[in-house]
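Listed below, chain by chain, are the residues.
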There are 2 protein chains.
Amino acid sequence: MKNFYLLLITVCLFACQQTPDNKAATAENENKEMKTVTEKAEYALVIHGGAGTIRKQDLSEEKEASIRAKLDEALTVGENVLKAGGTAIDAVEATIIVLENSPHFNAGKGAVFTNEGKNELDASFMDGKTQNSGAVAGITNVKNPIRAARAVLEKSEHVMLAREGAEQFAKEQGLEIVDPSYFHTDRRWNSLEKAKQREMGSILSENPIDNKFGTVGCAALDKAGNLAAGTSTGGMTNKRYARIGDSPVIGAGTYANNNTCAISSTGHGEYFIRYVVAYDISAMMEYGNKDFGTAADYVINDKLKKAGGTGGIIGLDKYGNVAMPFNTEGMYRGYVKPDKREVLIYKD
Amino acid sequence: MKNFYLLLITVCLFACQQTPDNKAATAENENKEMKTVTEKAEYALVIHGGAGTIRKQDLSEEKEASIRAKLDEALTVGENVLKAGGTAIDAVEATIIVLENSPHFNAGKGAVFTNEGKNELDASFMDGKTQNSGAVAGITNVKNPIRAARAVLEKSEHVMLAREGAEQFAKEQGLEIVDPSYFHTDRRWNSLEKAKQREMGSILSENPIDNKFGTVGCAALDKAGNLAAGTSTGGMTNKRYARIGDSPVIGAGTYANNNTCAISSTGHGEYFIRYVVAYDISAMMEYGNKDFGTAADYVINDKLKKAGGTGGIIGLDKYGNVAMPFNTEGMYRGYVKPDKREVLIYKD
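The following refers to the structure shown. Values in this document were obtained by computation on a predicted structure and should not be read as measured data.

### Considerations on the pattern of salt bridges
Next, step 1: Using the criterion set out here, one finds 32 salt bridges over all chains in the structure.
Next, step 2: Residue A:Asp280 pairs with A:Lys303 through a salt bridge whose shortest N-O separation is 2.9 Å. Highlighted residues: A:Asp280 in helix α10 (residues 277-288) and A:Lys303 in helix α11 (residues 292-307), separated in sequence by 23 residues. Accessibility classification places A:Asp280 together with A:Lys303 in one group, the buried group.
Next, step 3: In this structure, B:Arg341 and B:Glu79 form a salt bridge, with 3.0 Å as the shortest nitrogen-oxygen distance. Taken together, the residues B:Arg341 in strand β13 (residues 340-346) and B:Glu79 in helix α3 (residues 61-83) connect sequence positions 262 residues apart.
Next, step 4: The partly exposed category is assigned to B:Arg341, whose relative accessible area is 31%.
Next, step 5: Residue B:Glu79 is classed as buried on the basis of its relative accessible area, which comes to 8%.
Next, step 6: Through salt bridges with shared partners, one network takes in A:Asp90, A:Glu93, A:Arg150 and A:Glu154.

### Things to note about α3(B)
Residues and elements named next belong to chain B.
Next, step 1: Over its 23 residues, α3 extends 32 Å from the first C-alpha to the last, a length consistent with the 33 Å expected when each residue adds 1.5 Å.
Next, step 2: Looking at α3, one finds that the buried residues are Glu-64, Ile-67, Leu-71, Ala-74, Leu-75, Gly-78, Glu-79 and Leu-82.
Next, step 3: Looking at the packing, one finds that the buried side of α3 touches β1 (44-52), α4 (88-100), β5 (216-221), β12 (330-337) and β13.
Next, step 4: Of the residues flanking the end of α3, it is Gly-85, one or two places downstream, whose phi is positive at about 85°.

### Examining the packing of aromatic side chains
Next, step 1: Taken as a whole and assessed by the stated rule, the structure comprises 11 aromatic pairs over all chains.
Next, step 2: Both rings, one in A:Phe113 and one in A:Trp189, keep their centres 4.9 Å apart while their planes meet at 90°; by these two values the pair is edge-to-face. Of this pair, A:Phe113 sits in the loop between α4 (88-100) and β2 (121-127) while A:Trp189 sits in helix α7 (residues 186-199); the two residues are 76 residues apart in sequence, bridging distant segments of the chain.
Next, step 3: With a relative accessible area of 3%, A:Phe113 lands in the buried category.
Next, step 4: On the basis of relative accessible area, A:Trp189 is assigned to the partly exposed category, the value being 31%.
Next, step 5: Note on B:Tyr255 and B:Tyr279: the rings are 5.0 Å apart at their centroids and 75° apart in plane angle, and the pair reads as edge-to-face. In this pair, B:Tyr255 sits in strand β8 (residues 254-256) while B:Tyr279 sits in helix α10 (residues 277-288), placing the two residues 24 residues apart along the sequence. The same class applies to B:Tyr255 as to B:Tyr279, namely buried.
Next, step 6: Aromatic rings pair up to connect A:Tyr255, A:Tyr279, B:Tyr255 and B:Tyr279 into one cluster.
Next, step 7: The ring of A:Tyr271 is capped by A:Arg274, whose NZ or CZ atom sits 5.0 Å from the centre of that ring.
Next, step 8: Its end group placed over the ring of A:Phe326, A:Lys347 keeps NZ or CZ at 4.6 Å from the ring centre.

### Notes on the pairing of strand β9 (residues 261-267) of chain A
Residues and elements named next belong to chain A.
Next, step 1: With 7 of 7 residues buried, β9 is to be regarded as a mostly interior element.
Next, step 2: Neither face of β9 is exposed, since Cys-261, Ile-263, Ser-265 and Gly-267 on one face and Ala-262, Ser-264 and Thr-266 on the opposite face are all buried.
Next, step 3: Looking at chain direction, strand β8 (residues 254-256) and β9 are connected through 3 bridges and run antiparallel. Residue pairing for β9: Thr-254 is matched across the bridge by Ser-264.
Next, step 4: Connecting β8 to the antiparallel partner β9 that follows it, the hairpin turn spans 4 residues.
Next, step 5: As judged from the 7 bridges shared by β9 and strand β10 (residues 311-317), these two strands associate in the antiparallel manner. Bridge pairing links Ser-265 to Ile-313 in β10.

### Looking at the sheet that holds β8(B)
Residues and elements named next belong to chain B.
Next, step 1: The 4 strands lie next to each other as β8-β9-β10-β11, forming an open sheet whose pairing is antiparallel. The outermost strands of the open sheet, each flanked by one partner alone, are β8 and β11 (322-323).
Next, step 2: Relative to β11, strand β10 (residues 311-317) runs antiparallel, the two being bridged by 2 bridges. By the bridge assignment, Leu-316 is partnered in β11 with Val-322.
Next, step 3: The strands touched by helix α11 (residues 292-307) within the sheet are β9 (261-267), β10 and β11, with β10 carrying the most contacts at an inclination of about 170°.

Definitions and cut-offs
- Residues numbered from 1 in each chain as written.
- Chains lettered and ligands numbered in written order.
- Predicted model: local features only at pLDDT ≥ 70, side-chain atom pairs only at ≥ 80, totals over all residues.
- Heavy atoms only, no water.
- Salt bridge = Lys/Arg side-chain N within 4 Å of Asp/Glu carboxyl O.
- Helix = DSSP H or I, 4+ residues; strand = E, 2+ residues; numbered from the N terminus.
- Buried < 20%, exposed > 50% of the residue type's maximum accessible area, 1.4 Å probe, protein only.
- Expected span 1.5 Å × (residues − 1).
- Contact = heavy atoms within 4.5 Å.
- Phe/Tyr/Trp six-rings, centres within 6.5 Å; stacked < 30°, edge-to-face > 60°.
- Lys NZ or Arg CZ within 6 Å of the ring centre and 35° of its normal.
- Pairing = 2+ DSSP bridges.
- Axes fitted to C-alpha atoms, helices over the stretch in contact; angles between N-to-C directions.

Treat this as a map of the structure, not an account of what it does.
Below, the structure is given as structure tokens:
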């Protein structure tokens, strides 16, 4: 009998060790182990060319192939910088320049027109190592707005410069200045005319491809373990009143922090500002202890979606884990790591 | 002996119930109870008139009395709106207008001059109930920029408008337009001249009071339980390149969310943008389960201070708990609740 009681006591004591708290601790250890075995990519780079109503039936085969080729080219240019040991900042800049110079996207050449028939460009850049940031809003004559954002980041005591002031700064920094007509494309001009006709009620619908979002962005992890992100856009077709969207707003359109993640957003900018989307994902990681993919998916497909905000983000964490969630029909996107490369457009 | 073993088993089983996990649960219950007994103020309103190198020896008695009287007047105007059952938005607007119309503060009348000798004003507004937001940057002829920010919040599909575009929108909304000379004050003009002389090396120091930050802001909780916050500023003396600071940036200079808090920031704007200061406090509450005071103090006096960012915030949570942390020598500030009112300037 004595032995029976001793056995019972032993069982009781053992049960005490297996409380939920200890189970949680065990799970945490397993988790830590999982995190430890998370393989860190030597480098990684992820891009977007805008999210929106992008449907297979609206894109000709030729156009789709041409867009895919341009996204692929951008990945290659960025990867080459990283492979050679270049910085995340250099890779992001080089990649975005490819997209800005292509008329396929709503950034640089190919930007949409304002209500007044101008191309007013926004861009931003953030360095995950230092938190230094640069942004320009409403510039009309700098060939590559992402270069202007980088110049603000590196050469100015400020973070955000607007319009003529930002242009003056870019000029003083020796950036390439172009005549505003450089940004003209017939396709975007037609989109503006259609948007105006629609406002007047003379047409009801339009090709959604041309009038939804087409912002471009890039985030990168370099071999030294530093993150950076940048975003560039022409904003919304037919925009008025010198509207500033989320692209040049640090925390909304762009965010980078070596401790958490690097992100570029695309979508209905007003929602991305109100919900501080890019930083929100980082904050969920920092304060809520979520991994990057979980946080990004929650913010885009739960929080933002419930609020009625359409769009997506691309980004990566310090291990090179990539996430590209969006709540629209499509998002031009792609990523590259030493052992993998993908270019995607539609949901599936 | 049998009874002894039975007693031992009982003790073991009881010990099992007292695991850390259960202790945590007990603590949580106590916490919940504490939260339940947190008395919710019927209404509350908190303001700032800027943070910086504000030292008693630099302020004459008359000037200090005059500033205190103006802060007190602003509190009274805001409180009257809330007492009468008005909205947090109405209270914030009315309060900030008092501060904008006073030459004591760097907002509206009394704003600092740009390098070009202009007054370029920024403001923003956020509704904690809907997350709707409005901001204007670099406007020169709207008498009360906070009204322009509110008009963007309520009457525009956009969040952020800049310069001439924002002015055009304000005019179309019927806001009071003034000649830019309305914003001229000799004191600020002298500050600009001194700043330029200092740049040229012809003077070494200056009265810090006139050249540090003087942004104004307000956050309010109304009887219906809604939060709102707004911020208005003239930016930095001698600013160039159409610099946009944090004041018109939602998430940095202003943030409001009925579930967490309402905040207005003041300080070195570039740091407030990079560290997404206002939203960061809200995110710590949401994801890190911190109370408002703890989160606000951590972000201003730990995170921001370590980064070298100077300034502070004022704000309140949904219970009307007020926090006014700053990491500078002083901050013009005050708050009012049904049973308490304070106006403060220095650290102690």
